Amino acid sequence: QLVDLEKAFQAKIDQEIKIEPKDWMPDAYRKTNIRQISQHAHSEVIGMLPEGNWISRAPSLKRKAILIAKVQDEAGHGLYLYSAAETLGMSREQMTEDLLSGKAKYSSIFNYPTLTWADMGAIGWLVDGAAILNQVMLCRTSYGPYARANVRICKEESFHQRQGFETLMVLSQGTPEQKAMCQDAINRWWWPALMMFGPTDSESTNSDTSIKWKIKRKTNDELRQQFVDMAVQQVKVLGMTLPDPDLKWNEERQHYDFGEINWTEFWNVVKGNGPCNKQRLDAKKKAHEEGAWVRAAAVAHAQKKAARTTQ
Ligand code: ACO
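Residues numbered from 1 in each chain as written. Predicted model: local features only at pLDDT ≥ 70, side-chain atom pairs only at ≥ 80, totals over all residues. Heavy atoms only, no water.

Draft legend 1. Quick peek at the overall build of the protein. Scanning the protein from terminus to terminus reveals 13 helices and 2 strands. Radius of gyration (C-alpha) of the protein: 21 Å, near the 19 Å computed for a compact globule of 311 residues. Along the longest, intermediate and shortest principal axes, the C-alpha atoms of the protein span 70 × 50 × 35 Å. Sorting the 311 residues of the protein into buried and exposed places 48% on the buried side. Relative to all contacts within the protein whose residues are 6 or more apart in sequence, the contacts with residues 24 or more apart total 75%. (Helix = DSSP H or I, 4+ residues; strand = E, 2+ residues; numbered from the N terminus. Rg over C-alpha atoms; globule rule 2.2 N^0.38 Å. Buried < 20%, exposed > 50% of the residue type's maximum accessible area, 1.4 Å probe, protein only. Contact = heavy atoms within 4.5 Å.)

Written out as C-alpha coordinates, the structure reads:
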(Lines give C-alpha, C1' and ligand atoms only; values in the text may rest on other atoms or scores of the structure.)
Protein backbone atom coordinates (compact mmCIF):
# COMPACT_ATOMS: atom_id res chain seq x y z
CA GLN A 1 0.00 0.00 0.00
CA LEU A 2 2.88 2.33 0.80
CA VAL A 3 4.18 1.61 -2.70
CA ASP A 4 0.84 2.74 -4.19
CA LEU A 5 0.88 5.93 -2.14
CA GLU A 6 4.42 6.67 -3.25
CA LYS A 7 3.52 6.03 -6.89
CA ALA A 8 0.50 8.33 -6.69
CA PHE A 9 2.67 10.97 -5.01
CA GLN A 10 5.33 10.81 -7.72
CA ALA A 11 2.61 10.93 -10.41
CA LYS A 12 1.32 14.17 -8.92
CA ILE A 13 4.81 15.64 -8.91
CA ASP A 14 5.35 14.57 -12.52
CA GLN A 15 2.08 16.25 -13.50
CA GLU A 16 3.19 19.49 -11.82
CA ILE A 17 0.42 19.32 -9.21
CA LYS A 18 1.54 21.10 -6.03
CA ILE A 19 1.78 19.14 -2.80
CA GLU A 20 -0.22 20.84 -0.04
CA PRO A 21 0.14 20.53 3.76
CA LYS A 22 -2.63 17.97 4.30
CA ASP A 23 -1.67 15.75 1.35
CA TRP A 24 0.07 12.43 1.91
CA MET A 25 3.83 12.70 1.39
CA PRO A 26 6.81 10.40 2.00
CA ASP A 27 8.56 11.08 5.30
CA ALA A 28 11.78 11.92 3.51
CA TYR A 29 9.97 14.54 1.37
CA ARG A 30 8.61 16.17 4.52
CA LYS A 31 12.03 16.05 6.20
CA THR A 32 13.99 17.46 3.31
CA ASN A 33 11.50 20.30 2.86
CA ILE A 34 11.68 21.12 6.57
CA ARG A 35 15.48 21.07 6.36
CA GLN A 36 15.70 23.27 3.29
CA ILE A 37 12.91 25.73 4.19
CA SER A 38 14.11 26.22 7.76
CA GLN A 39 17.71 26.70 6.60
CA HIS A 40 16.46 29.18 4.05
CA ALA A 41 14.52 31.04 6.77
CA HIS A 42 17.55 31.09 9.07
CA SER A 43 19.64 32.51 6.21
CA GLU A 44 17.23 35.39 5.77
CA VAL A 45 17.26 36.13 9.50
CA ILE A 46 21.02 35.82 10.02
CA GLY A 47 21.47 37.70 6.72
CA MET A 48 20.17 40.82 8.43
CA LEU A 49 23.25 41.00 10.64
CA PRO A 50 26.04 41.83 8.17
CA GLU A 51 23.95 44.63 6.66
CA GLY A 52 22.54 45.82 9.98
CA ASN A 53 26.16 46.64 10.74
CA TRP A 54 25.97 49.55 8.25
CA ILE A 55 22.57 51.08 9.02
CA SER A 56 24.02 53.58 11.47
CA ARG A 57 26.91 54.36 9.12
CA ALA A 58 25.10 54.73 5.79
CA PRO A 59 26.52 57.72 3.88
CA SER A 60 23.20 59.61 3.49
CA LEU A 61 19.61 59.65 4.74
CA LYS A 62 18.43 58.16 1.44
CA ARG A 63 20.91 55.27 1.64
CA LYS A 64 19.97 54.66 5.26
CA ALA A 65 16.24 54.52 4.47
CA ILE A 66 16.86 52.08 1.60
CA LEU A 67 19.05 49.85 3.76
CA ILE A 68 16.55 49.78 6.63
CA ALA A 69 13.76 48.84 4.20
CA LYS A 70 15.87 46.06 2.74
CA VAL A 71 16.84 44.60 6.11
CA GLN A 72 13.18 44.67 7.17
CA ASP A 73 12.29 42.78 3.99
CA GLU A 74 14.75 40.04 4.99
CA ALA A 75 12.97 39.68 8.33
CA GLY A 76 9.68 39.36 6.45
CA HIS A 77 11.16 36.66 4.19
CA GLY A 78 12.25 34.75 7.26
CA LEU A 79 8.70 34.92 8.61
CA TYR A 80 7.01 33.66 5.42
CA LEU A 81 9.49 30.81 5.34
CA TYR A 82 9.11 29.84 8.99
CA SER A 83 5.34 29.76 8.40
CA ALA A 84 5.81 27.53 5.35
CA ALA A 85 7.96 25.12 7.42
CA GLU A 86 5.36 25.11 10.20
CA THR A 87 2.77 23.70 7.76
CA LEU A 88 4.94 20.57 7.68
CA GLY A 89 4.62 20.04 11.42
CA MET A 90 7.83 21.70 12.62
CA SER A 91 7.38 24.28 15.38
CA ARG A 92 8.95 27.70 15.23
CA GLU A 93 10.45 27.14 18.71
CA GLN A 94 12.17 23.97 17.54
CA MET A 95 13.57 25.67 14.44
CA THR A 96 14.92 28.52 16.56
CA GLU A 97 16.43 26.10 19.05
CA ASP A 98 18.14 24.19 16.22
CA LEU A 99 19.60 27.42 14.87
CA LEU A 100 20.88 28.62 18.22
CA SER A 101 22.39 25.26 19.13
CA GLY A 102 24.26 25.15 15.81
CA LYS A 103 22.36 22.06 14.63
CA ALA A 104 20.60 23.85 11.77
CA LYS A 105 22.61 25.44 8.99
CA TYR A 106 22.24 28.82 7.33
CA SER A 107 23.94 30.12 4.21
CA SER A 108 27.75 30.22 4.36
CA ILE A 109 27.76 33.71 2.83
CA PHE A 110 26.59 35.43 5.99
CA ASN A 111 29.71 34.40 7.88
CA TYR A 112 31.86 36.95 6.08
CA PRO A 113 32.47 40.46 7.47
CA THR A 114 31.15 43.69 5.95
CA LEU A 115 34.22 45.92 6.02
CA THR A 116 33.24 48.95 3.94
CA TRP A 117 30.14 50.73 2.61
CA ALA A 118 30.82 49.17 -0.81
CA ASP A 119 30.05 45.79 0.77
CA MET A 120 26.39 46.88 0.90
CA GLY A 121 26.48 47.25 -2.85
CA ALA A 122 28.33 43.98 -3.42
CA ILE A 123 25.92 42.09 -1.18
CA GLY A 124 22.94 43.51 -3.05
CA TRP A 125 24.38 42.80 -6.46
CA LEU A 126 26.17 39.48 -5.92
CA VAL A 127 24.59 37.88 -2.84
CA ASP A 128 21.00 38.87 -3.56
CA GLY A 129 21.68 38.24 -7.24
CA ALA A 130 22.74 34.66 -6.46
CA ALA A 131 19.80 34.25 -4.09
CA ILE A 132 17.31 35.37 -6.75
CA LEU A 133 18.47 32.81 -9.30
CA ASN A 134 17.91 30.11 -6.71
CA GLN A 135 14.60 31.54 -5.54
CA VAL A 136 13.16 32.06 -9.04
CA MET A 137 13.65 28.33 -9.46
CA LEU A 138 12.01 27.75 -6.06
CA CYS A 139 8.85 29.64 -7.16
CA ARG A 140 8.14 26.40 -9.04
CA THR A 141 9.14 24.03 -6.25
CA SER A 142 6.67 21.19 -5.67
CA TYR A 143 5.61 22.07 -2.11
CA GLY A 144 2.82 24.68 -2.43
CA PRO A 145 3.45 26.89 0.63
CA TYR A 146 7.19 27.09 -0.12
CA ALA A 147 6.58 27.94 -3.78
CA ARG A 148 4.13 30.72 -2.86
CA ALA A 149 6.48 32.19 -0.24
CA ASN A 150 9.19 32.40 -2.88
CA VAL A 151 7.00 34.33 -5.32
CA ARG A 152 6.69 37.17 -2.82
CA ILE A 153 10.36 36.91 -1.81
CA CYS A 154 11.53 37.23 -5.42
CA LYS A 155 9.58 40.44 -5.98
CA GLU A 156 11.36 42.05 -3.04
CA GLU A 157 14.69 40.44 -3.77
CA SER A 158 14.88 41.94 -7.25
CA PHE A 159 14.61 45.40 -5.67
CA HIS A 160 17.48 44.42 -3.36
CA GLN A 161 19.64 43.39 -6.25
CA ARG A 162 18.94 46.59 -8.18
CA GLN A 163 19.72 48.78 -5.20
CA GLY A 164 23.03 46.96 -4.70
CA PHE A 165 24.01 47.37 -8.33
CA GLU A 166 23.08 51.05 -8.23
CA THR A 167 25.18 51.57 -5.08
CA LEU A 168 28.19 50.06 -6.86
CA MET A 169 27.43 52.03 -10.01
CA VAL A 170 27.66 55.31 -8.06
CA LEU A 171 30.92 54.25 -6.40
CA SER A 172 32.38 53.04 -9.70
CA GLN A 173 31.92 56.53 -11.13
CA GLY A 174 33.30 58.29 -8.05
CA THR A 175 36.75 59.28 -6.77
CA PRO A 176 39.76 56.94 -7.18
CA GLU A 177 39.24 55.87 -3.51
CA GLN A 178 35.58 55.05 -4.16
CA LYS A 179 36.47 53.09 -7.29
CA ALA A 180 39.09 51.13 -5.35
CA MET A 181 36.59 50.44 -2.57
CA CYS A 182 34.08 49.16 -5.13
CA GLN A 183 36.64 46.81 -6.73
CA ASP A 184 37.82 45.59 -3.33
CA ALA A 185 34.27 44.67 -2.29
CA ILE A 186 33.69 42.78 -5.55
CA ASN A 187 36.99 40.94 -5.04
CA ARG A 188 36.03 39.82 -1.52
CA TRP A 189 32.41 38.81 -2.24
CA TRP A 190 32.81 37.09 -5.60
CA TRP A 191 34.06 33.67 -4.47
CA PRO A 192 31.84 33.40 -1.38
CA ALA A 193 28.85 34.28 -3.64
CA LEU A 194 29.73 31.36 -5.93
CA MET A 195 29.80 29.09 -2.87
CA MET A 196 26.20 30.02 -2.02
CA PHE A 197 24.97 27.56 -4.66
CA GLY A 198 26.32 24.69 -2.60
CA PRO A 199 28.85 21.94 -3.32
CA THR A 200 29.51 20.76 -6.83
CA ASP A 201 26.85 18.33 -8.13
CA SER A 202 28.99 15.25 -7.53
CA GLU A 203 29.33 16.22 -3.83
CA SER A 204 25.72 17.34 -3.35
CA THR A 205 24.13 14.69 -1.14
CA ASN A 206 20.54 15.92 -1.40
CA SER A 207 20.30 16.89 -5.08
CA ASP A 208 19.22 13.59 -6.65
CA THR A 209 16.12 13.12 -4.50
CA SER A 210 15.36 16.83 -4.44
CA ILE A 211 15.40 16.92 -8.24
CA LYS A 212 13.26 13.77 -8.48
CA TRP A 213 10.68 15.39 -6.18
CA LYS A 214 11.04 18.77 -7.93
CA ILE A 215 11.97 20.46 -4.66
CA LYS A 216 15.00 21.68 -6.61
CA ARG A 217 14.48 22.15 -10.33
CA LYS A 218 18.06 22.95 -11.27
CA THR A 219 21.29 21.57 -9.87
CA ASN A 220 23.81 23.58 -7.85
CA ASP A 221 26.27 23.68 -10.77
CA GLU A 222 23.61 24.69 -13.30
CA LEU A 223 22.56 27.68 -11.20
CA ARG A 224 26.17 28.64 -10.46
CA GLN A 225 26.98 28.65 -14.19
CA GLN A 226 23.91 30.79 -14.90
CA PHE A 227 25.12 33.24 -12.25
CA VAL A 228 28.67 33.44 -13.65
CA ASP A 229 27.37 34.06 -17.19
CA MET A 230 25.16 36.86 -15.91
CA ALA A 231 27.75 38.54 -13.67
CA VAL A 232 30.41 38.62 -16.40
CA GLN A 233 28.13 40.85 -18.46
CA GLN A 234 27.05 43.04 -15.56
CA VAL A 235 30.55 43.73 -14.25
CA LYS A 236 31.41 45.31 -17.61
CA VAL A 237 28.66 47.90 -17.06
CA LEU A 238 30.35 48.78 -13.77
CA GLY A 239 33.73 49.05 -15.47
CA MET A 240 35.12 46.69 -12.80
CA THR A 241 36.60 43.17 -13.02
CA LEU A 242 35.89 39.81 -11.41
CA PRO A 243 38.82 38.34 -9.46
CA ASP A 244 39.26 35.20 -11.55
CA PRO A 245 42.04 34.92 -14.15
CA ASP A 246 40.47 31.73 -15.51
CA LEU A 247 37.18 33.35 -16.58
CA LYS A 248 36.93 32.71 -20.30
CA TRP A 249 34.14 32.28 -22.83
CA ASN A 250 33.88 28.67 -23.96
CA GLU A 251 32.50 28.58 -27.50
CA GLU A 252 31.74 24.88 -27.37
CA ARG A 253 29.82 24.99 -24.08
CA GLN A 254 28.32 28.42 -24.82
CA HIS A 255 29.15 29.37 -21.24
CA TYR A 256 31.99 31.05 -19.34
CA ASP A 257 34.61 28.75 -17.84
CA PHE A 258 35.73 29.80 -14.39
CA GLY A 259 38.41 28.93 -11.85
CA GLU A 260 38.32 26.33 -9.10
CA ILE A 261 36.34 27.24 -5.99
CA ASN A 262 38.16 26.84 -2.69
CA TRP A 263 36.07 23.97 -1.33
CA THR A 264 38.20 23.67 1.80
CA GLU A 265 37.19 27.18 2.70
CA PHE A 266 33.54 26.43 1.88
CA TRP A 267 33.30 23.36 4.15
CA ASN A 268 35.20 25.15 6.86
CA VAL A 269 32.60 27.93 6.89
CA VAL A 270 29.68 25.46 6.68
CA LYS A 271 31.09 23.58 9.67
CA GLY A 272 31.08 26.73 11.78
CA ASN A 273 34.67 27.93 11.42
CA GLY A 274 34.25 30.88 9.08
CA PRO A 275 35.41 34.39 9.94
CA CYS A 276 32.11 35.46 11.58
CA ASN A 277 30.20 32.25 12.50
CA LYS A 278 30.63 32.76 16.21
CA GLN A 279 29.84 36.46 16.08
CA ARG A 280 26.62 35.81 14.10
CA LEU A 281 25.30 33.12 16.45
CA ASP A 282 26.25 35.14 19.52
CA ALA A 283 24.32 38.15 18.17
CA LYS A 284 21.29 35.97 17.43
CA LYS A 285 21.41 34.36 20.89
CA LYS A 286 21.60 37.76 22.55
CA ALA A 287 18.63 39.06 20.54
CA HIS A 288 16.67 35.92 21.40
CA GLU A 289 17.34 36.28 25.11
CA GLU A 290 16.59 39.99 25.12
CA GLY A 291 13.35 39.35 23.23
CA ALA A 292 12.04 36.82 25.76
CA TRP A 293 9.70 39.37 27.35
CA VAL A 294 8.13 40.16 23.96
CA ARG A 295 7.33 36.48 23.40
CA ALA A 296 5.95 36.14 26.93
CA ALA A 297 3.78 39.25 26.45
CA ALA A 298 2.47 37.98 23.10
CA VAL A 299 1.48 34.64 24.67
CA ALA A 300 -0.22 36.38 27.62
CA HIS A 301 -2.11 38.64 25.21
CA ALA A 302 -3.22 35.70 23.06
CA GLN A 303 -4.42 33.82 26.16
CA LYS A 304 -6.43 36.82 27.41
CA LYS A 305 -7.98 37.30 24.00
CA ALA A 306 -8.90 33.62 23.73
CA ALA A 307 -10.44 33.69 27.24
CA ARG A 308 -12.56 36.71 26.27
CA THR A 309 -13.91 35.08 23.10
CA THR A 310 -14.80 31.79 24.85
CA GLN A 311 -16.70 33.54 27.66
N1 ACO B 1 25.87 27.32 3.05
C2 ACO B 1 25.69 26.45 4.07
N3 ACO B 1 25.40 25.15 3.85
C4 ACO B 1 25.28 24.73 2.58
C5 ACO B 1 25.44 25.59 1.47
C6 ACO B 1 25.76 26.94 1.75
N7 ACO B 1 25.95 27.83 0.78
N8 ACO B 1 25.25 24.88 0.35
C9 ACO B 1 25.00 23.62 0.72
N10 ACO B 1 25.01 23.52 2.05
C11 ACO B 1 24.84 22.32 2.84
C12 ACO B 1 23.46 21.73 2.63
O13 ACO B 1 22.53 22.31 3.51
C14 ACO B 1 23.72 20.26 2.89
O15 ACO B 1 23.77 20.00 4.30
P16 ACO B 1 22.56 19.25 5.09
O17 ACO B 1 22.25 17.99 4.33
O18 ACO B 1 23.09 19.06 6.44
O19 ACO B 1 21.39 20.19 5.05
C20 ACO B 1 25.13 20.05 2.38
O21 ACO B 1 25.73 21.33 2.35
C22 ACO B 1 25.17 19.41 1.01
O23 ACO B 1 24.60 20.26 0.01
P24 ACO B 1 23.41 19.84 -0.97
O25 ACO B 1 23.17 18.37 -0.88
O26 ACO B 1 23.69 20.40 -2.30
O27 ACO B 1 22.17 20.61 -0.27
P28 ACO B 1 20.81 21.11 -0.90
O29 ACO B 1 20.25 20.12 -1.89
O30 ACO B 1 19.94 21.53 0.22
O31 ACO B 1 21.24 22.40 -1.78
C32 ACO B 1 20.96 24.79 -1.53
C33 ACO B 1 21.79 23.55 -1.15
C34 ACO B 1 21.10 25.03 -3.03
C35 ACO B 1 21.50 25.98 -0.77
C36 ACO B 1 19.47 24.50 -1.19
O37 ACO B 1 19.34 24.11 0.13
C38 ACO B 1 18.56 25.67 -1.42
O39 ACO B 1 18.17 25.95 -2.55
N40 ACO B 1 18.12 26.34 -0.33
C41 ACO B 1 17.12 27.39 -0.37
C42 ACO B 1 17.73 28.71 -0.68
C43 ACO B 1 18.58 29.24 0.44
O44 ACO B 1 18.67 28.71 1.51
N45 ACO B 1 19.21 30.37 0.21
C46 ACO B 1 19.99 30.97 1.27
C47 ACO B 1 20.68 32.16 0.86
S48 ACO B 1 19.61 33.33 0.17
C49 ACO B 1 19.31 34.54 1.27
O50 ACO B 1 18.98 34.26 2.34
C51 ACO B 1 19.37 35.96 0.83
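Back to the write-up after that little detour.
Draft legend 2. Seen up close, the site of the ligand. With respect to spatial proximity, 28 residues lie near the ligand, and among them Lys105, Ser108, Ser204, Asn206 and Lys216 are the closest. Interatomic distance of 2.7 Å between a side-chain N/O atom of Ser204 and an oxygen atom of the ligand. Considering the ligand on its own, with 960 Å² of exposed area, one finds that the protein chains cover 90% of that surface. Counting residues per element, the ones that place at least two in the shell around the ligand are helix H2 (27–46), helix H6 (118–138) and helix H11 (263–273). Among the elements that make up the shell around the ligand, the one with the highest residue count is H2 (6 residues). Looking at the shell around the ligand residue by residue, the class counts come to 12 nonpolar, 12 polar and 4 charged. (Near = heavy atom within 4 Å. Polar contact = N/O pair within 3.5 Å; in protein donor to acceptor, adjacent residues only side chain to side chain. Areas by Shrake-Rupley, 256 points an atom, 1.4 Å probe, with all protein chains shown as cover. Nonpolar A, V, L, I, M, F, W, Y, C, P; charged D, E, K, R; others polar.)

Draft legend 3. Looking closely at H6. Compared with an ideal rise of 1.5 Å per residue, which puts 21 residues at 30 Å, H6 spans 29 Å between its outermost C-alpha atoms and is within 8% of the ideal. Taken as a whole, H6 carries its principal kink of about 30 degrees at Asp128. Counting buried positions along H6 gives 19 out of 21 residues, so the element sits mostly inside the fold. (Expected span 1.5 Å × (residues − 1). Bend = angle between axes of the 7 residues up to and from the residue.)

Draft legend 4. Expanded view of the confidence of the model for the protein. Looking at the protein, pLDDT values average 97 and 100% of them are 70 or higher. For this predicted complex, the interface confidence reaches an ipTM of 0.98, while the overall pTM sits at 0.96. (pLDDT = per-residue confidence, 0-100.)

Draft legend 5. How the structure looks around the layout of surface pockets. Taken as a whole, the second largest pocket holds about 430 Å³ of empty space. Residue lining of the second largest pocket: 18 residues in total, with Arg92, Thr96, Lys284, His288 and Arg295 positioned closest to the centre. Secondary-structure elements contributing two or more residues to the lining of the second largest pocket are helix H4 (61–86), helix H5 (92–100), helix H12 (277–290) and helix H13 (292–310). Of the residues forming the lining of the second largest pocket, the biggest block, 5 residues, is contributed by H5. (1 Å grid on protein atoms, 1.4 Å probe; cavity = no way out; pocket = protein on both sides within 12 Å on 5 of 7 lines; lining within 4 Å. Points joined across faces, edges and corners; volume = space filled by probe spheres on them.)

Draft legend 6. Just H2, in detail. When the terminal C-alpha atoms of H2 are compared, their 28 Å separation across 20 residues agrees well with the 28 Å that a helix rising 1.5 Å per residue should span. Most of H2 sits out of view: 15 of its 20 residues are buried.

Draft legend 7. Here's a closer look at the packing of H6 against helix H10 (residues 220–238). Their axes nearest at 11 Å, the elements H6 and H10 cross at an angle of 140 degrees. Between H6 and H10, the interaxial angle falls into the category oblique. Handedness of the crossing formed by H6 with H10: right-handed. Contact residues: H6 offers Trp125, Leu126, Gly129, Ala130, Leu133, Asn134 and Met137, while H10 offers Leu223, Gln226, Phe227, Ala231, Gln234, Val235 and Leu238. The residue inventory of the contact of H6 with H10, partitioned by class, reads 10 nonpolar, 4 polar and no charged. (Axes fitted to C-alpha atoms, helices over the stretch in contact; angles between N-to-C directions. Parallel < 35°, antiparallel > 145°, perpendicular 65-115°, else oblique. Left-handed = near helix turned anticlockwise from the far one by under 90°.)

Draft legend 8. A look at the environment of Leu171. Here Leu171 lies in helix H7 (residues 144–172). Measuring from C-alpha to C-alpha, the distance between Leu171 and Ser204 comes to 37 Å, with 33 residues separating the pair along the chain. Residue contacts for Leu171: discarding those within four places in its chain leaves Trp117, Ala118, Gln178, Lys179, Met181 and Cys182.

Draft legend 9. Seen up close, a nonpolar patch on the surface. Residues Leu2, Leu5 and Trp24 make up a contiguous nonpolar surface patch of about 270 Å² in total accessible area. Here Leu2 lies in helix H1 (residues 2–14). (Patch = residues over 30% accessible without salt bridge, like charges linked within 9 Å, V, L, I, M, F, W, Y side chains within 5 Å. Salt bridge = Lys/Arg side-chain N within 4 Å of Asp/Glu carboxyl O.)

Draft legend 10. A look at the packing of aromatic side chains. Across all of its chains, the model carries 12 aromatic pairs by this definition. Each ring, one from Trp125 and one from Phe165, has its centre 5.9 Å from the other, and the planes form 65 degrees; the classification is edge-to-face. Pair noted here: Trp125 is in helix H6 and Phe165 is in helix H7, with a separation of 40 residues, a long-range link. Among the aromatic residues, those joined into a cluster by ring pairs are Phe9, Trp24, Tyr29 and Trp213. (Phe/Tyr/Trp six-rings, centres within 6.5 Å; stacked < 30°, edge-to-face > 60°.)

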